[in-house]
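A structural walkthrough
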Amino acid sequence: MAVSAQLLVEELHIFGLECEEAVTEKLVELCILYGQNEEGMASELIAFCTSTRKDCLTLETLNSFEHEFLSKRLSRTWHGASKDRGHRHAGPRDIVSIQELIEVEEEEETLLNSYTTPSKGSQKRTITTPETPLTKRSVSARSPHQLLSPSSFSPSATPPQKYSSRSNRGEVVTSFGSAQGVSWSGSGGTSHLSLKVLGHPEPLTRSYKYMFQKLPDIREVLTCKIEELGSELKEHYKIEAFAPILVPAQEPVTLLGQIGCDSNGKLNHKSVILEGDLEHSSGTQIPVDLSELKEYSLFPGQVVVMEGINTTGRKLVATRLYEGVPLPFHQPDEEDGDSEQFMVLVACGPYTTSDSITFDPLLDLITIINRDRPDVCILSCLLTSSFEDVFKQCLRTIIEGTRSSGSHLIFVPSLRDVHHEPVYPQPPFSCSDLLREDKKRVRLVSEPCTLSINGVTFGLTSTDLLFHMGAEEISSSSGTSDRFSRILKHILTQRSYYPLYPPQEDVAIDYENFYLYAQLPVTPDIFIAPSELRYFVKDILGCVCVNPGRLTKGQVGGTFGRLYLRRQTAGSGGRQSPCAAAQVVRI
């Protein structure tokens, strides 16, 4: 969902509300998370400020607005909408669903026209020029064969107007660590690099049969997850025993379970239930009262240990929420290469703008790779308008175009790749016609994937975890709380690449393979989490988490990430992060 910050500012300015850049960015994030347009969000915010008599628009005001209004009122709206859709899991619309609505509207208009008498001059032909490019509606009406024909890659195609005229190329939008003295150029793969895919017990390397899972099998996977994390928390916090959920007790009890919602709507502070494990509670559920908890952050599917009062056996009044415990970090060994420092470039598609069928952003990225010669390039594909032939052409363009740089290429698939298998976890791309010289530097991995580069562990995913979990998470905090940090901490402590349950509608999970291939084997040194939300680089529990953004956003250019890494030598004392510096840069 595209949101204009300028339009938001203009709407608020009409009513005399001024806001700083940080406040505007937060508003854009709220619009995306709660599926609101600029006018609707401005109207609700003005009504909130008027009713609460708040004249100044600050980040604290926005936090109150989200906690007291958006998470409650809009959750009721989504709950009602979920009933109208036959109890489907609610969530904000994505680009694909909007495109489907446009296509349905086109079909209805065509059907309506077939019942009317055509009049002369009533049908107007759309005139398209570089000054007036095709709209989304006119593009959707074109034949897919025309869009995906080889001629679509020719120089005669209309170039992207806004992308070509951008003036902020190469601008560094956020930094991490000390970038002083860093040249941001690699050795182009000339040094010995060790690339290993880590798995538990082994990585996903091939396609598998899906759509055959049974409900008892799903339940068994969820039960194993609760029992394994519960055992770790029990040992870490020296808990004597877990109590059954539905047994009344006059003294405080400690319960193990999974967070759920008592309806098909969005989770809120009054709809939280705890689903117990099989061993102690036989999978039973109990409503949870959060009024005694000063701070909490919860989402559906989260495995928790709660302490509280359960005098009736019908409601738990929670008084303590035990923090999750992350896995240990990977310990490098002698086989992890000899290069002590190296550079990694990270980019996530789409690689073409929405108003053009040329791949100018992709060609610009290839130019940057050849110029900076990074040791490793991690590319999450997200080619939303491609089929098999076009995908192979794009892949060949990247591989051949970067051959002179010598950079190692890591390709991560995406659930939004039209030509690839739409199941999570997703097997690697298949490309059997690679040349021998390219096979040494091209690695096709699964989604998600844990990769070791010279002993530095990378957690890679192309699924928009931040967006999915941000739309479902509820929280309460006495101080300033960062949503991104909370979600990333959940991912590390839940030890899973996708801990949300039930998942978003567009994520089809095969739970037997999910248990095998979508768990974190270790806490990664670097976690790459591309998202539609704002780019960032953060240190979470010792793991450097990076959202490099998308290479394109609608009709304009986006961002990519680059990291400068130093391998930690043995006997150097306590653990130090191998990430010396990181930046997010505009294409």
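Residues numbered from 1 in each chain as written. Predicted model: local features only at pLDDT ≥ 70, side-chain atom pairs only at ≥ 80, totals over all residues. Heavy atoms only, no water.

In the annotation of an unreviewed UniProt entry, the entry for the protein reads DNA polymerase alpha 2, accessory subunit, and the organism field reads Ovis aries.

1. Re the overall build of the protein
Which entries qualify depends on this criterion: Helix and strand definitions here come from DSSP, where helices need a minimum of 4 consecutive H or I residues and strands a minimum of 2 consecutive E residues; each element is numbered from the N-terminal end. Relative accessibility under 20% of the residue-type maximum defines a buried residue, over 50% an exposed one, and the middle range a partly exposed one, all with a 1.4 Å probe and only protein chains included. When checking whether two residues touch, look at their non-hydrogen atoms; a contact exists if any pair is within 4.5 Å. To measure how exposed things are, a 1.4 Å probe is used in the Shrake-Rupley method; for residues, cover is taken only from the protein chains shown.
If you tally the helices and strands in the protein, you get 16 helices and 22 strands. With 587 residues in all, the protein has 50% of them scored as buried. Sequence separation of 24 or more characterises 74% of the internal contacts of the protein that already satisfy a separation of 6 or more. Summing over all exposed atoms, the protein offers an accessible surface of approximately 28600 Å²; the carbon and sulfur share of this is 51%.

2. Observations concerning helix α15 (residues 483-494)
In plain terms, the rule: A helix is expected to span 1.5 Å multiplied by its residue count minus one.
The end-to-end C-alpha distance of α15 is 16 Å, a good match for the 16 Å that 12 residues give at a rise of 1.5 Å each. Buried residues dominate α15, accounting for 11 of its 12 residues. Considered for burial, the residues of α15 that qualify are Arg483, Phe484, Ser485, Arg486, Ile487, Leu488, His490, Ile491, Leu492, Thr493 and Gln494. After α15 finishes, the residue arginine 495 shows a positive phi value of roughly 60 degrees.

3. Section: the pattern of salt bridges
The following threshold applies: Any carboxyl oxygen of Asp or Glu that lies within 4 Å of a side-chain nitrogen of Lys or Arg is treated as forming a salt bridge with it.
All told, the structure shown has 18 salt bridges when counted by the stated rule. In this structure, the salt-bridge partner of arginine 483 is glutamate 29, at a minimum N-O distance of 3.7 Å. In this pair, arginine 483 sits in helix α15 while glutamate 29 sits in helix α2 (residues 21-34), placing the two residues 454 residues apart along the sequence. Considered together, arginine 483 and glutamate 29 belong to a single accessibility category, that of buried residues. Residue glutamate 232 pairs with arginine 495 through a salt bridge whose shortest N-O separation is 3.9 Å.

4. Topic: the pairing of strand β10 (residues 376-380)
Within a regular strand, side chains alternate between the sheet's two faces. Operational definition: Strands are labelled as partners when DSSP assigns at least two bridges between them.
Burial within β10 is extensive, with five of its five residues counted as buried. Here β10 shows two buried faces, one formed by Val376, Ile378 and Ser380 and the other by Cys377 and Leu379. With five bridges joining them, strand β9 (residues 341-348) and β10 adopt parallel strand pairing. Within β10, the position partnered with leucine 345 by the bridge is cysteine 377. Bridge count between β10 and strand β11 (residues 408-412): five bridges; the pairing is parallel. Note that in β11 the partner of isoleucine 378 across the bridge is isoleucine 410.

5. Some points on empty space enclosed by the protein
Using the following cut-off: Here a cavity means grid points, on a 1 Å grid over the protein atoms only, where a 1.4 Å probe fits yet cannot get out; a pocket means an open set of points with protein on both sides within 12 Å along at least five of seven lines; lining residues are those with an atom within 4 Å of a point. Grid points are joined across faces, edges and corners, and a volume is the space filled by probe spheres set on the points. Residue type decides the class: Asp, Glu, Lys and Arg count as charged, Ala, Val, Leu, Ile, Met, Phe, Trp, Tyr, Cys and Pro as nonpolar, and the leftover types, Gly among them, as polar.
Counted according to the given criterion, the structure contains four cavities of 30 Å³ or more. Along the walls of the largest cavity sit 16 residues, with Leu198, Gly199, Pro203, Thr450 and Tyr517 positioned nearest its centre. Those elements that place two or more of their residues in the lining of the largest cavity are β2 (195-198), β13 (449-453) and α16 (511-517). Residue classes in the lining of the largest cavity are distributed as 10 nonpolar, five polar and one charged.

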